[in-house]
Structure formats: C-alpha cells, structure tokens
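Inside the fold
Here is what each chain is made of, one letter per residue.
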Amino acid sequence: MLSIDSYAAITGNDVIEKLRQIAKPLQGMKVVHVNSTRIGGGVAEILHKMVPLMNDLGLDTHWEVLQGNAEFYQCTKGFHNAIQGNPVHLPESLLKAYEQTNAENAEMLRPALEDADIVIIHDPQPAPLLKHFPDRKGKWIWRCHIDASRPYRPVWKYLRSFLTDYDASIWSLSDFAQPLPHPQYLIPPSIDPLSDKNVDLEMKEIRETRERFELDPERPLITQISRFDRFKDPVGVVQAYRLAKRFTHGLQLVLAGGGATDDPEGDAVLNEVYEAAASDPDVHILLLPADAHRTINALQRMSDIVLQKSTKEGFGLTVTEALWKGRPVIGGNTGGIRLQVINHHTGFLVSTPEGAALRTRYLLNHRDLMEDMGSKARQYVRDNFLLTRHIAEYFNLMVLLSDGHADRVEL
Ligand code: UDP
C-alpha cells in the first residue's frame, strides 16, 4: 500500500510531519473526487496517486468517474475548447445530452455523494451534478484544471450557471480565476516523484527504451509528450523541429501521445501531425498505451530538451515531469507553463515555431547551460510542484471550509 512516509526521502521528514499535523482535524472525513475519465490526461494522473495518499493520511477518500456517451464527450470537449478561448457553438441537442448525462449520473452517484463531507468536482464535465443534491451534507468545491484566462463568453455564461452554488472553487493560477460568488483558491497541480512516470530509472531501462523506438543515441533528441490536441500544437512542434534541423545535423524528434477516453478529437489531430511529418524518418510519432508510464519516463530522460509548445495550457504536468528529470523545457508562453518555465532559468518561453527552433539550437550549442538549467529545474519542482505540497493545500482548504466562517482556524 502507498504510504506517505515513503516521500520523506525526497521531501525531508518535516514536510511529512507537517502534512500529518494538518490531516489531524480531518481524520475519518469522507472526501469524494469526481471527474470524467480514469485514463489519460492530467486529472486522472493526479487522482491515481492523490486518492490513496489521502486515505493513508486518515481521510476516507473516494474517486468516482462520470459515465457518458459520445454526444456527452463531444459537448464537454467543446466546453474545454471554449473555456480556452475558441468560439465554439454548441447546439441545443448537445447541451441537452450534457445535462441529461449529469442527471443520470447524479442518481448513480447519490449514495456516494449525498453524505460526503467534501466533494471535489473536477472540470466542467460533472459540474451540473451539484444541482441534483439540494440536501447535500458537505461542502462542494469546483476544481478547474483548464486555462480559463479568456473563455469564450457565451459558453462560459452557460457553464457559470452550474458553478455559482459551489462553496468554493480552485484554480491553478490567478490569471484563470473568474468572477463567481464564492471564495476562490489558487492551488497549482503537482507530480508524484515516486510514480512510475517520475522515479529514477536505471540506464539499462533507458537504453532499452531507446533501442525499442530505434532512436540514435549519438544524435540530439527533442521530445514532446502530449495528447493529440490542437492546443498542444504538435504541428507547431514539427515545424520547430524542421527549422532547428537546418542548423543541427541529425536532430531527432519524438512526439509521443495517446488518447484520453474523454477526448474525441485525438484522431483528427493525429492525422494533421502525420501529414506535417511527411514520413521524415527522424520524426518518431509514438502512440502509447495509457499505462506506458515508464516508457514516457525513459523518453523524457533520454531527451536533450523537452518541448511543450502549447498555445493554451491549464498547467502542463508534462512540463513538471520533464523539469523533475533535470531537462530544460522550451514551452509555450501561456497559462500554467509560465508558472513552471522560468525564462532563461528552467527553460525558455516561446510563442512561435521559429522561437522554439531558435532556443532549441541555442541550447544544443550550449551544453553547460543546459546542465545548469536542468539542475535548477529539478530543484524548482522539488520546492513547488510535488504531490505533498498539493495535498497539504487541499487539506488547508478543507479545514477552512469545514470550520464554516470561523475567523480563526486552529491547525
Ligand atoms: N500522458 C501519458 N500518455 C500520453 C500522453 C500524456 O501518460 O500518451 C500523461 C503525461 O505524462 C501527463 C498527463 O498525461 O502526466 C498529461 O497532463 P498535462 O497536464 O500535461 O495535460 P492534459 O492532458 O491534462 O491537458
């Protein structure tokens, strides 16, 4: 069983001690997380580890997943795109499917949610559940993982009507917070340093992974790991690689991704990527199964530079994962990437394929700088973006909410 004590080797004992202290007033409390997929994407990645660790810390923590059909996911992907700024028109029939799916799920989840002390609803997919629980016992929190800095207003207005009755909302950074009639909290996500995705690997495993994908250890390698989603700009990554390759002989690119079960657009974007790559033998497009955590870990470790050229990004766990492995990241100058890529220190922020190409070439020609950035990157993640900090901030918020309007909170 996963134990919080195992983390002391990385964070130090005092962090674990503090966490146990904050957990004391929450012992036995029933907490339920709800999202819309158990596989793929950052939310599932976090919950897989956060839920057992909260249990280990003495809370009674559960994770429920919404069941939906194709229309539901088409609608919620539309919300995702609209919150990130695209002018999406969603027909009445899709909105109906969205509300109907939530009504049906509310009945299935009633036993789990009705008596919970804290319910954390992740992202827009399950947001309307709340209105089916007028007699709810606990506090309900809406947790937004999406880059909501400039949402498309008509869609936001519709979604907002499901959010106003929540007791609180959580956002990854202040740029995303929206006017809502409840307290809003800023809690950035995190990675688990002990997961298969992030643990240290033996050289042998890295070498075997490299051989499996026929990557040449003698030539430079840049990598982007992402769902095939337009906001992740995989086509822009191929363009950046092309430009950089003119000056960096033998450059190789890995674009690795898989689908999330709640993302119906992946195939179309993947086809655009194949077309952009035009059968270049040095562009490796890898379709990985959902449990390929160690493979991704190895790919990040064998890369000279990791790219995350998103044009919108809620947070970007892939950035955190790469920084943790001491890799400088060239990231899109947007959303949560700005929180992690400290320009010229942990990597470079860019806005165009040309910018990404220029920085790639620069770093590959300055290996000492790359090393220096890499060690700053790891330290930066250790200080700010590990799961232990994330859980502590959730606990603080739970104590605050369950103490009602107390003007003092005893921890
Ligand atoms: N991921 C994965 N397999 C893939 C693509 C991504 O396991 O094929 C993981 C990735 O390592 C990261 C998460 O999925 O942990 C993606 O989270 P992120 O915040 O970067 O983006 P999101 O998909 O949530 O927009």
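As a reminder, the structure under discussion sits directly above these lines.
Residues numbered from 1 in each chain as written. Predicted model: local features only at pLDDT ≥ 70, side-chain atom pairs only at ≥ 80, totals over all residues. Heavy atoms only, no water.

Bringing the overall build of the chain into the picture now. From N to C terminus, the chain includes 15 helices and 12 strands. Its C-alpha atoms give the chain a radius of gyration of 21 Å, within 12% of the compact-globule value 22 Å for 411 residues. When its C-alpha atoms are laid out on the principal axes, the chain stretches across 65 × 55 × 35 Å. Every one of the 411 residues in the chain was classed for burial, and the buried ones make up 58%. Relative to all contacts within the chain whose residues are 6 or more apart in sequence, the contacts with residues 24 or more apart total 71%. Surface exposure of the chain reaches about 17300 Å², of which carbon and sulfur atoms provide 50%. Considering the chain, the positive charge centre built from 45 side chains and the negative charge centre built from 54 side chains are found 4 Å apart. (Helix = DSSP H or I, 4+ residues; strand = E, 2+ residues; numbered from the N terminus. Rg over C-alpha atoms; globule rule 2.2 N^0.38 Å. Buried < 20%, exposed > 50% of the residue type's maximum accessible area, 1.4 Å probe, protein only. Contact = heavy atoms within 4.5 Å. Areas by Shrake-Rupley, 256 points an atom, 1.4 Å probe, with all protein chains shown as cover. Lys, Arg positive; Asp, Glu negative; His and termini not counted. Charge placed at Lys NZ, Arg CZ, Asp CG, Glu CD.)

Throughout this description, disulfide means a covalent bond between two cysteine sulfur atoms. In the structure shown here, the tally under the stated rule is 0 disulfides. The structure places no disulfide on C75, whose sulfur is separated from the nearest cysteine sulfur, that of C144, by 16 Å. A relative accessible area of 0% places C75 in the buried class. For C144, a relative accessible area of 1% translates into the label buried. (Disulfide = S-S within 2.5 Å.)

Attention shifts here to the packing of helix 8 (residues 234-245) against helix 9 (residues 266-277). At a closest axis distance of 9 Å, the pairing of helix 8 and helix 9 adopts a crossing angle of 15°. Classified by the interaxial angle, the pair formed by helix 8 and helix 9 is roughly parallel. In this structure, helix 8 meets helix 9 at a crossing whose hand is right-handed. In this structure, helix 8 contributes P234, V235, V238 and R242 to the contact, and helix 9 contributes V269, E272, V273, A276 and A277. For the contact of helix 8 with helix 9, a count of residues per class yields 7 nonpolar, no polar and 2 charged. (Axes fitted to C-alpha atoms, helices over the stretch in contact; angles between N-to-C directions. Parallel < 35°, antiparallel > 145°, perpendicular 65-115°, else oblique. Left-handed = near helix turned anticlockwise from the far one by under 90°. Nonpolar A, V, L, I, M, F, W, Y, C, P; charged D, E, K, R; others polar.)

Turning to its location among the elements, K309 is positioned in the loop between strand 10 (305-308) and helix 11 (317-324). Accessibility expressed as a relative area gives 2% for K309, which makes it buried. Polar side-chain contacts of K309 include one of 3.0 Å to the side chain of D233. Here K309 is in contact with Q224, K232, D233, G236, V237, I330, G332, V350, S351, T352, P353 and A356, once residues within four sequence places are set aside. (Polar contact = N/O pair within 3.5 Å; in protein donor to acceptor, adjacent residues only side chain to side chain.)

Moving on, we come to the site of the ligand. Neighbouring the ligand are 15 residues; G42, R227, K232, G258 and E321 lie closest to it. Within the side chain of E45, an N or O atom sits 3.5 Å from an oxygen atom of the ligand. For the ligand, an oxygen atom lies 2.9 Å from a polar atom in the backbone of L317. Protein chains bury 89% of the 540 Å² of accessible surface belonging to the ligand in isolation. Sorting the residues of the shell around the ligand by element identifies helix 3 (42-56) and helix 11 as the ones contributing at least two each. (Near = heavy atom within 4 Å.)

With that settled, consider the pattern of salt bridges. Under the counting rule described, the total for this entry stands at 23 salt bridges. The salt bridge involving D115 is made with K30; its shortest N-O contact spans 2.8 Å. Of this pair, D115 sits in the loop between helix 5 (92-113) and strand 3 (118-122) while K30 sits in strand 1 (residues 30-35), placing them 85 residues apart in sequence. When its relative accessible area of 14% is taken as the criterion, K30 is described as buried. A salt bridge links K197 to E45, with the shortest nitrogen-to-oxygen separation between them at 3.0 Å. Here E45 lies in helix 3 and K197 lies in the loop between strand 6 (184-186) and helix 7 (203-212), a separation of 152 residues in the sequence. Residue classification places K197 among the buried positions, given a relative accessible area of 6%. Among the residues examined, E45 registers a relative accessible area of 24% and is labelled partly exposed. Through salt bridges with shared partners, a single network forms among D216, R219, K245 and D282. (Salt bridge = Lys/Arg side-chain N within 4 Å of Asp/Glu carboxyl O.)

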